[in-house]
Amino acid sequence: MQTPRSRNLPLPLATLFSLLLFTIATLAPAAESDFLAGVRQLTFAGERAGEGYFSADGTRMIFQSEREPGNPFFQIYLLHLETGDTERVSPGHGKTTCAWIHPGNRKVLFASTQDDPDAKQEQKKEYELRATGKQRRYSWDYDPYFDLYEFDRESKAYRNLTNAQGYDAEGCYSPDGEWIVFGSNRHAYDGSDKLSTADEKWFRMNPSFMMDIYRMRADGSEVRRLTDVKGYDGGPFFNHDGTKICWRRFNEKGDKAEVWTMNADGTGQRQITRLNAMSWAPYFHPSGEYIIFATNLKGFANFELYLVDARGKKEPVRVTDTEGFDGLPAFSPDGARLAWTSNRTPGKKSQIHIADWNHAAALQALDLAAPAQSAPDQDIAGPVVTSAAISKEDLRPHLAYLASESLQGRLTGTEGERSATEYVAGAFKRFGLEPAGDNGSFFQEFEFTAGVDLGPDNQLSILGLDGQQQIDRDWIPLSFSTTGEIEPAGIVFCGYGIEAPSETGADGTDFGVYTSYYQTDVKGKWVMMFRYFPENVSTEERQRFSRFANPRHKALAARQRWARGIIIVTGPNAPAKEQLVPLSFDASLSSSGIPAISISDNLAQALLATAGKDLQELQDQLDGGEMMIGIRIPEVKLGAAIDIVQEKKSGRNVIARLPSPNPDAPGVLLGAHIDHLGPKAGITSRATDDEKDKIHYGADDNASGVAGLLEIAEYLAAQKAEGKLDLKREAFFAAWSGEEIGLLGSSHYVRKAGGNNSSASDLSEKLAAVLNMDMIGRLRKSLILQGVGSSSIWPAEIEKRNAPVGLSITTQQDTYLATDATSFYLAQVPILSAFTGAHEEYHTPRDTIEKVNFEGAEKVSKFMALMMRGLLTSGETPDYLRVEKPASRGSRSNLRAYLGTIPDYAQEEIEGVKISGTSKNSPAEKAGLKAGDIIVELGGKKIL
């Protein structure tokens, strides 16, 4: 069903004038954006491609493309829309066109000249012509050697369904697979039509003059002619239930065409359009309400897509308005997507494009009855049975249960976490996955510090400032602080204590480096900082800062700069009214390896006053998003004795495996953290005062990621069970706990996988790559893929696997992330982490299910499933690249003595500093330090 052209026929001047007059005709006004969303080019390879048609289940698309080496003509290709895999189904020689997929997906139908004895000579002649620098204007050749062929994808056998002399092409199966409708001019060759002298002359100049519509059984039997009119009848398609056929009918001159419909037996022929232009390539919407077609109503060479109601009673409505050719449209079986052929990309030849289709807008534009509104989705509590396909319908019940009130926020070590992990283990078992936890179970237990109370020996002393500081009034230790005696040291005020690397936000905003340590050396000093992050900045900046404002992250940033300790000040502009960070059970209690305290605003003001500074003025200035050089507090030193009594609890990961025939090959792991903040505000909460005793549901963070994990696990397990997944390596699926308190669950897994209870330095022989999903429920403009710098394979893989999904993607090279993927990157494993961006509800009770973008989560899950599938079916292991930890620009502290160690997030109470890795090209790496080492002395000085 090619671009229609009157082969070698010049158009009369009167006809051209008539067509020009029609370019000023105005139909019902509409804009392309009313109907199409997410327009993107689907095919890229080869000279050109076109005629993309969906399979009956919507999982595949068959199309023609000039991309075969050694053949300048179209060949037929089958694109798997779930994986991006493409296979040629035509033999590779001759000309081909007009393909279709049988409803059973095993067989395909296309037209070909593959049995023409001169097929390869025709190819050679075409190349010779192009070698002269000439290239004929594109027009379709109604080669009489074209026949319809059936290809069996299992047996790889071709079967000729038509062998009559003449052009047989433009075929498609009926929805039940029993019939084929096609176009042919065979009757001009077999003598069944006695041509007049005038007709013979027209036929010699233009073989399409004798084209008519035929129908036959799918095996090639019971051939019957359905139309019998001079001129070109072609491009037939069945409607959704096989009762109707639409097609294009040209006049005898071949310069104008209209859209027609008829019953499947050829009766009831009806003209649908009367535009007096070249209107062709009609295709039914699955609803049966309307037909989409192409026409040059707006100019002789300007083909655009239009809609017309199926009975031809309404005035057609224009769909596309982008410059360039738009034609050969086809709807997906569910009517939610449109594929068509276009050269709208400047300087490019025709390729297939695809977009989301707005059915409601089409009905409204044609003044047809709107579809009945479905009832809103309801939350479903508890485990549910889902299908193998990844869908928003299946994501919702998973997420609804995980973010339900009954789970109380899934705090690590609580009954809510136990219920959530039980749910995931049950789902893994139902999918047919094998347990990969401890002792033949799906669970992997780990111990952590779960509760604290003040001991009897807490004391704060400030040399150079009058007055006694009272515990629980002027100061309090933070729950993750180290304990013991801390010698007095100086104090440096460093704004909000935030370090954020340069990045591109989800909305495309470019952010530069933000550092609170600009030109400031804090080695051996206490770092005083505000509790949260700048308040008076854009929403995008607030969302960005929120990811780096966790007090534990601030403590680790200060620790990496060799600070003595950190001092948190809430400040008068903060959303929380209490000034001291509460020492309460919130599970954020594993030691950060650095002393950490919270002080009152009054005490902070007294300290700053010795430097001539005012607390309110400083916070006002910093809340505008400005950076400032740190402020040294003169002639003041702070010492402390910190005594915290800790309670130990256990959390658990859920781990499953999908075995492969190659168990010795490094596997691929997909993970997402299952824990969140729990039933009330803790140290990392962003809750307002009236929200602090409310459940932090964590729908996006990270029930969304776990729901996606379950959908992908079920999809891949089903693929394997159906024999559709040729595994080259094992797949592992993990729901981590303890992420919110310092990557504890994933760190425990890494240590145990390393063969002992210390950090593993290299897991590359066990894992080829780790994919991670942390907050995938708020897709707006772009999916953010982090850790792209960890392997050279990621850009090409992302491009390949996104082709079927069509996400807008922003990539970030940084590999040192505040999520579980970092645990594996430090163990020499390439990582890729999916993230849809921070938001105002992050770490508040407002992160609830009704704010989740389920359509976006479905797309992200499908993309990550294809990434996982590609890695599992490839025999090549991704390379591992060391990425230097981002440095703060312009910081004088970068000139200080530098070691390049990366602290262990889960450090226990030990003497010295335990490390989980080293930065690339750092002195530590060159000296041979590795993950799991404990530094007890540096430069002759002991580290306690």
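Described in the following lines is the structure provided in the data block. Quantities reported herein were computed from a predicted structural model and do not represent experimental measurements. Within each chain, residue numbers correspond to sequence positions counted from 1 in written order. Local features in this predicted model are restricted to residues of pLDDT 70 or higher, and side-chain atom pairs are both shown and tallied only at a pLDDT of 80 or more, whereas totals for entire chains, interfaces and linings draw on every residue. Hydrogens are left out, water is left out, and the side-chain values use all remaining heavy atoms of the structure.

1. Quick notes on the pattern of salt bridges
Each reported salt bridge corresponds to a side-chain nitrogen of Lys or Arg within 4 Å of a carboxyl oxygen of Asp or Glu. On inspection of all chains with the given rule, the structure shows 45 salt bridges. The residue Glu-499 makes a salt bridge to Arg-561 at a minimum N-O spacing of 2.7 Å. Of the two residues, Glu-499 is situated in strand E30 (residues 499-500) and Arg-561 in the loop between helix H10 (551-560) and strand E35 (565-569); the sequence distance between them amounts to 62 residues. The buried label applies to any residue whose accessible area, calculated with a 1.4 Å probe on protein chains only, is under 20% of its type's maximum; exposed applies above 50%, and partly exposed to all values in between. With a relative accessible area of 24%, Glu-499 lands in the partly exposed category. Classification of Arg-561 as buried rests on a relative accessible area of 7%. Between Glu-535 and Arg-542 there is a salt bridge, with its nearest N and O atoms 2.7 Å apart. Residue Glu-535 shares its accessibility class with Arg-542, and that shared class is buried. Each of Asp-85, Glu-797, Arg-801 and Arg-869 takes part in salt bridges that share partners, so that together they form one network. The helix count covers DSSP runs of H or I at least four residues long, the strand count covers runs of E at least two residues long, and both are numbered beginning at the N terminus.

2. Looking at empty space enclosed by the protein
Put simply, the grid is 1 Å and covers the protein atoms alone, a cavity is a trapped set of points that fit a 1.4 Å probe, a pocket is an open set with protein on both sides within 12 Å along at least five of seven lines, and lining residues have an atom within 4 Å of a point. Grid points are joined across faces, edges and corners, and a volume is the space filled by probe spheres set on the points. Here the structure, examined in full by the defined rule, presents 6 cavities of 30 Å³ or more. The volume enclosed by the second largest cavity comes to roughly 110 Å³. What lines the second largest cavity is a set of 13 residues, among which Ser-546, Ala-549, Asn-550, Thr-684 and Arg-686 lie closest to the centre. Each residue is assigned to one of three groups, with Ala, Val, Leu, Ile, Met, Phe, Trp, Tyr, Cys and Pro labelled nonpolar, Asp, Glu, Lys and Arg labelled charged, and all others, Gly among them, labelled polar. Residues of the lining of the second largest cavity, tallied by class, amount to 6 nonpolar, 5 polar and 2 charged.

3. A closer look at the nonpolar core
Note on terminology: a nonpolar core comprises buried Ala, Val, Leu, Ile, Met, Phe, Trp, Tyr and Cys residues joined through side-chain atoms within 4.5 Å. Core analysis: the largest hydrophobic core is formed by 80 residues, its most contacted members being Phe-35, Ile-62, Trp-280, Tyr-290, Leu-307 and Trp-357. For this core, the leading source of residues is strand E19 (residues 290-295), giving 5 residues. Listed in part, the 69 residues of the second largest apolar core include Val-654, Leu-785, Ala-834 and Leu-872.

4. Comments concerning the packing of helix H8 (residues 415-431) against helix H13 (residues 699-721)
Axes here mean lines fitted to C-alpha atoms, for a helix over just the part in contact, with angles spanning 0 to 180 degrees between N-to-C directions. Two elements in contact, H8 and H13, have axes whose closest approach is 9 Å; the angle formed by their N-to-C orientations is 15°. Considering their axes alone, H8 and H13 lie roughly parallel with respect to each other. The two elements H8 and H13 meet at a crossing, and its hand is right-handed. Note on element contacts: H13 touches H8 through Val-706, Leu-709, Leu-710, Ala-713, Glu-714 and Ala-717, opposite Tyr-423, Val-424, Ala-427, Phe-428, Arg-430 and Phe-431. Here the contact of H8 with H13 is composed, by residue class, of 10 nonpolar, no polar and 2 charged. Here roughly perpendicular refers to angles of 65 to 115 degrees, roughly parallel to angles under 35, roughly antiparallel to angles over 145, and oblique to all remaining angles. If you view the pair so one helix is near and one far, a crossing is left-handed when the near helix is turned anticlockwise from the far one by less than a right angle, and right-handed when it is turned clockwise. Should any heavy atoms of two residues lie within 4.5 Å, those residues are considered in contact.

5. Considering the packing of aromatic side chains
Think of it this way: a Phe, Tyr or Trp ring, Trp meaning its six-membered ring, pairs with another when their centres are within 6.5 Å, and the plane angle makes it stacked under 30 degrees, edge-to-face over 60, tilted otherwise. Scanning the entire structure with this criterion turns up 36 aromatic pairs. Look at Phe-146 and Tyr-167: their rings are 5.4 Å apart centre to centre, the planes differ by 80°, and that puts the pair in the edge-to-face class. Here Phe-146 is found in the loop between helix H3 (119-131) and strand E8 (147-152), whereas its partner Tyr-167 is found in the loop between strand E9 (157-160) and strand E10 (168-173), with 21 residues between them in sequence. Accessibility classification places Phe-146 together with Tyr-167 in one group, the buried group. Members of the aromatic cluster, connected to one another through ring pairs, are Tyr-142, Phe-146, Tyr-167, Tyr-232 and Phe-250. We call a charge positioned over a ring when the NZ of a Lys or the CZ of an Arg lies within 6 Å of the ring centre and within 35 degrees of the ring normal. Here the basic side chain of Arg-186 rests over the ring of Tyr-214, its NZ or CZ set 5.5 Å away from the ring centre.

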